[in-house]
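# What the coordinates show
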Amino acid sequence: MKHFYRYVVLPALLLWATQVYAGGNDDPFLVMGKVDQLELRQTEGDDPVAFEGQLWAGHDLNKLWLKVDSERVDGDYEELELQALYSRAVTPFWNLQVGARRDIKPEPDRNWAVLTLQGLAPYQFEVEASLFVGESGRTALRLVSEYEMLLTQRLILSPEVELNVYGHNDPDTGVGSGLADVQAGLRLRYEMRREFAPYIGLNWQKRYGNSADLAAAEGDDIEDLQFVVGLRMWF
Amino acid sequence: MNTPAFPRLSRRRFVTGASAGLALAGLGLSLTSPKAQAKALPPVLSGNQFDLSIGYLPVNFTGADRSATAVNGSVPAPILRWKEGERVTLRVTNHLAHDSSIHWHGMILPSNMDGVPGLSFRGIAPGETYEYQFEVNQNGTYWYHSHSGWQEQTGLYGAIVIEPKDPDPVAYDRDYVVLLSDWTDEDPGDVYAKLKKMSHYYNFQERTVADLWRDIKEKGVARTWNERQMWNAMRMKQSDIADVTGYTYTFLMNGETPDSGWTGVFKRGEKVRLRFINGAAMTLFDIRIPGLKMTVVASDGQNIEPVSVDEFRIGVAETYDVVVEPSGDQAYTVFAQSMDRSGYARGTLTPDPSLTAEIPDMDYRPLLSHGDMGMAAMAGMDHGGSAAGHGNHSQHAASGGDHSGHNMGGMHHSMTGMDHGKHSMKGMDHRRHGMHASSVSDKPGPAGFGSRAEIHHAPSEFGPQVDMRAEAPQSGLHDPGVGLRDHAQRYGRKVLRYGDIRNLYPTLDRRDPEREIQIHLTGNMARYMWSLDGIRFADAEPIRLTYGERVRITLVNDTMMTHPIHLHGLWSELETGDPAAIPRKHTLLVQPGTKISYLVTADALGRWAYHCHLMYHMPGMMREVRVEQGGRGV
């Protein structure tokens, strides 16, 4: 199969593609799929499976970007969020992304317009800052930052923080206005290959303010510390 | 007498049932049939008529069967031996499934013979033959390689040795080609895609928490913070020495892996001329032969005043000829370590094939310094030198005379240079419009002494495609280069510097340049985008030269990589401070954050390629140089 690809499919593609020029094409169309987190979280109740991934396609400066964030318990989605974005490089280290977000779970579903600044901040912090504007004047802010510490060339400790802030109460989906929740993770992965890294770690979540009150009223935990085990992969 | 170089017979190479052949049969294309058994490779072809056949060759360098791109069933391609003054005819037939080409690297010839698809000719389509024919009006060591796709990475490179018409000024009894290259089992297109997705993919020499801890123990928290602060703030990595490393590469010497090793045999009392050629795609090598002084006698095929050294760096596509005088009773290792010390190629020079020589350890892994970011050299700021924590002061000691204008002011400008966001939208528009941004000065200084022009960053350099700009670039002439700067102090080795090179013969064109073109080597490492003046090849206008004019090109390296820049068709006459003996090169290393100047006499009409010879930089970091008839010049 590999040989079929290498000697039949590739040459055919090359023949079909534009003429091979002196320097070749410096900016080919590429597709990258990435599973940032695929993990089992150990809690007191049912252990959820979390999945956070992205898929982009495009060129150096312009890409289409899909993002998925989900949590499943017993085979049912408790959380399922999809984003489809157009991403454009605006500075050497930053991309501006605009598009749509759809929260399929929890129900009822919510739709948002998205504006995200994504990139690498000084001191090598990966940052994603998003503004969401939804129906009925709903607004939300999300800030995600991740850092990588190389214990060895392949053993990497990665702290991560996520904050969510909402403009209005939305009791149906369990969020209250103001700072709603903070998630902090610490994951230790081993890159068997760059593309494949199993990890273990800790994930801590806490709800705040109105969101905490809503959760308490539903009988949900306000604070949770989970042991996680998972895989990070990309192609 | 000169003995042609034959690598030894034994070879880890599988030439068995070819999966490539089967698949190609399905495409209905012919294929040069691989020989049934291993043979001495590469063969030597001499004369003035050559039939070269480009095809696939099953190879196994690492234990995995792969398909290489070969000439006449050989990787490296055959050694071509020509005679100066003769007219050579080379009929090149393409048996690949897609277009191919051969470029005669360093040869001065008509532009339609230069072998660059899109500029010189249309390329050679599958099944077609292209007849190259030109007069050989030079002598020395050169090489040839494909200029199509990634074929050079997959094996299409070979040596050219041209015998001089007049008596050779170099005395030797035996000569060997030592062709260095880098082999990967990966598809080169995959390598490029990986670099675009994760630019540090192949770097397994990054600084770890343990390095941080050791620095803090040795230097204290404050100094460690200060040294790293700039790198962290700029989102750059000091360990970023090579884009593609020994993680995927197997480094070859005359097609032999480090395990098998190439062997050159000599007799007692012989002077041996080694013709080093760097035919790698991405690897700069540092070469030495422990126990032997090397007398460098030629650079890029051109005779130079002999320089005795212990070590030299060879950039991708450069050639250096050295003469060694080994004693007759021991074997020596020819050691070529990659610049990032992620691996090495090696061979043995021996009077007796049964003798072996010790293989030395690789030297320390270099780190970039602030100077490599094009920042002003300031005492006490530049501690980057090496992974073992030693200082890096030799660069500044060595770069005598090139400190003009490097002061706190330069430092200050560097800081503003870090404000990437400022002009980004504007820069992006320029990228799209493909304007020609090179700054041209009409009052250049006299020939031989390099540029006195101010460093000018064009608007096209500001945008998401460029992550840094050197604000106070020093001359790269007297700097041995990243990772070699303290070899004199540390190991007592004399390392060749460009400033040491003087042409053996007087400069032919003694005119001063009429104008100076300043070109910036630019890129964004994280996005893995490479360009000149912030403009990639696809969006760029040609650089126009008038036939007959003498022009200075000053290259300013606004990146942290060392780029080998190759101008086709015209000599690049390196200004090393002596106008009377300017060395002629075809490929020049431009060190990170530095500038370097050379003179070009536009004496060949046509369209010429001009590019970084690092394979995965070339697609973007490239220009057409167009030499046209015009009113100016001679």
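Here the structure is shown first, and the text comes after it.
As a starting point, this report considers the structure included with it. Source: prediction; values computed, not measured. (Residues numbered from 1 in each chain as written. Chains lettered and ligands numbered in written order. Predicted model: local features only at pLDDT ≥ 70, side-chain atom pairs only at ≥ 80, totals over all residues. Heavy atoms only, no water.)

Before going further, it helps to spend a moment on the overall build of chain B. Each helix and strand counted, chain B has seven helices and 33 strands in total. Evaluated residue by residue, chain B yields a buried proportion of 67% over its 634 residues. Once local pairs closer than 6 in sequence are excluded, the contacts in chain B between residues at least 24 apart make up 79%. If you sum the accessible surface of chain B, you get close to 20800 Å²; carbon and sulfur atoms cover 51% of it. (Helix = DSSP H or I, 4+ residues; strand = E, 2+ residues; numbered from the N terminus. Buried < 20%, exposed > 50% of the residue type's maximum accessible area, 1.4 Å probe, protein only. Contact = heavy atoms within 4.5 Å. Areas by Shrake-Rupley, 256 points an atom, 1.4 Å probe, with all protein chains shown as cover.)

Check the secondary structure of chain A and you find two helices and 13 strands. Considering chain A as a whole, with its 235 residues, one finds that 42% of them fall into the buried category. Counting only carbon and sulfur atoms, one obtains 62% of the accessible surface of chain A, whose full area is about 11900 Å². Counting 22 positive and 37 negative side-chain charges, chain A places the centres of these two groups 8 Å from one another. (Lys, Arg positive; Asp, Glu negative; His and termini not counted. Charge placed at Lys NZ, Arg CZ, Asp CG, Glu CD.)

Below, the discussion takes up helix α2 (residues 188-197) of chain B. Residue and element names in this part refer to chain B. For α2, the buried fraction is high: eight of the ten residues fall into the buried class. For α2, the full list of buried residues reads P188, V191, Y192, A193, K194, L195, K196 and K197. Of the residues flanking the start of α2, the one acting as N-cap is D187, its side-chain oxygen 2.7 Å from the backbone nitrogen of G189. (Polar contact = N/O pair within 3.5 Å; in protein donor to acceptor, adjacent residues only side chain to side chain.)

Turning our attention to the nonpolar core. Residues and elements named next belong to chain B. One finds W82, W104, Y132, F134 and L274 to be the most contacted residues of the largest nonpolar core, which totals 160 residues. Ignoring anything within four residues of it in the chain, the contact list for L274 reads Y176, V178, W262, I289, Y320, D321, V322, V324 and L349. Core analysis: the next-biggest nonpolar cluster, separate from the first, contains six residues, V116, F537, A609 and M622 among them. (Core = buried A, V, L, I, M, F, W, Y, C linked by side-chain atoms within 4.5 Å.)

Strands in a sheet are paired, the pairing made by backbone hydrogen bonds, and the direction either parallel or antiparallel. Residue and element names in this part refer to chain B. In spatial order, the strands read β3-β2-β5-β7; together these four strands make up an open sheet with mixed pairing. Strands with a single pairing partner mark the edges of an open sheet, and in this sheet they are β3 (66-71) and β7 (129-135). Neighbour to neighbour, the strand axes of the sheet diverge by 20° on average, direction disregarded. Pairing geometry for strand β5 (residues 87-94) and β7, over seven bridges, is antiparallel. Opposite V88, over in β7, you have F134 as the bridge partner. (Pairing = 2+ DSSP bridges. Axes fitted to C-alpha atoms, helices over the stretch in contact; angles between N-to-C directions.)

Turning next to the pairing of β3 of chain B. Residues and elements named next belong to chain B. Counting buried positions over the six residues of β3 gives five, a clear majority of the element. Bridging between strand β2 (residues 49-59) and β3 involves six bridges; their strand directions are antiparallel. Within β3, the residue paired with I54 across the bridge is V71. With antiparallel pairing between neighbouring strands as the criterion, β2 and β3 make up a hairpin whose turn holds six residues, including G63 at a positive phi of roughly 105°.

Sheet faces and side chains relate simply in a regular strand, where the side chains alternate between the two faces. Residues and elements named next belong to chain B. Burial analysis of strand β18 (residues 319-324) places six of its six residues in the buried class, the great majority of the element. Direction of pairing for strand β13 (residues 272-278) relative to β18: antiparallel, over a ladder of six bridges. Considered in β18, the bridge of I277 is made with T319. In terms of strand pairing, strand β15 (residues 294-299) meets β18 through four bridges, oriented antiparallel. Residue pairing across strands places T295 opposite V323, the latter belonging to β18.

All names here are of chain A. A surface patch of like charges, here negative, comprises E44, D46, D47, D74, D76, E78, E79, E218, D220 and D221. By the element assignment, D47 lies in the loop between β1 (30-42) and β2 (49-58). The class of D47 is partly exposed, set by a relative accessible area of 32%. (Patch = residues over 30% accessible without salt bridge, like charges linked within 9 Å, V, L, I, M, F, W, Y side chains within 5 Å. Salt bridge = Lys/Arg side-chain N within 4 Å of Asp/Glu carboxyl O.)

Let us now look at the environment of R87 of chain B. Residues and elements named next belong to chain B. Considering the arrangement of structural elements, one finds R87 in strand β5. Spatially, the C-alpha atoms of R87 and N48 are 6.5 Å apart, while their sequence positions differ by 39 residues. When sequence neighbours within four positions are dropped, the list of residues in contact with R87 reads N48, Q133, F134 and E135. Here the side chain of R87 touches Q133 through a polar contact of 3.5 Å, side chain to side chain.

Residue and element names in this part refer to chain A. On the surface, a nonpolar cluster with roughly 730 Å² of combined accessible area is contributed by L38, L40, V49, L186, I200, L202, L225, F227 and V229. Listing elements by their share of the nonpolar patch, those giving two or more residues are β1, β12 (196-207) and β13 (223-234). Ranked by residues supplied to the nonpolar patch, first place goes to β13 with three residues. By secondary structure assignment, the location of L38 is in strand β1.

With the rule as written, the count across this model stands at 31 aromatic pairs over all chains. On the basis of an interplanar angle of 40° and a centroid distance of 4.8 Å, the ring pair of F125 of chain A and Y147 of chain A is categorised as tilted. On the criterion of sequence distance, the pair formed by F125 of chain A in strand β7 (residues 125-134) and Y147 of chain A in the loop between β8 (139-146) and β9 (149-150) is long-range, its members being 22 residues apart. Accessibility expressed as a relative area gives 36% for F125 of chain A, which makes it partly exposed. Taking the ring centre of Y491 of chain B as reference, the NZ or CZ of R493 of chain B above it sits at 4.2 Å. (Phe/Tyr/Trp six-rings, centres within 6.5 Å; stacked < 30°, edge-to-face > 60°. Lys NZ or Arg CZ within 6 Å of the ring centre and 35° of its normal.)

Omega for the bond connecting K105 of chain A with P106 of chain A falls within 30 degrees of zero, at -5°, which places this linkage in the cis form. Along the chain, the position of P106 of chain A falls in the loop between β5 (94-105) and β6 (110-121). P108 of chain A follows E107 of chain A through a cis peptide bond whose omega is -5°. Tracing the sequence through the fold places P108 of chain A in the loop between β5 and β6. At N72 of chain B, a residue that is not glycine, the phi angle is positive and equals roughly 50°. In this structure, N72 of chain B sits in the loop between β3 and β4 (77-83).

Here we come to the pattern of salt bridges. Residue and element names in this part refer to chain A. The tally for this structure, following the rule as stated, stands at 64 salt bridges over all chains. Two residues, E191 and R194, come together in a salt bridge whose shortest N-O distance is 2.9 Å. Across this residue pair, the class does not change: E191 and R194 are buried.

Residue and element names in this part refer to chain B. Its 26 residues give helix α3 (residues 209-234) an end-to-end C-alpha distance of only 19 Å, which falls more than 12% under 38 Å, the value for a rise of 1.5 Å per residue. The largest bend in α3 comes to about 115°, at G220. Backbone geometry just downstream of α3 places R235 in the positive-phi region, at approximately 60°. (Expected span 1.5 Å × (residues − 1). Bend = angle between axes of the 7 residues up to and from the residue.)

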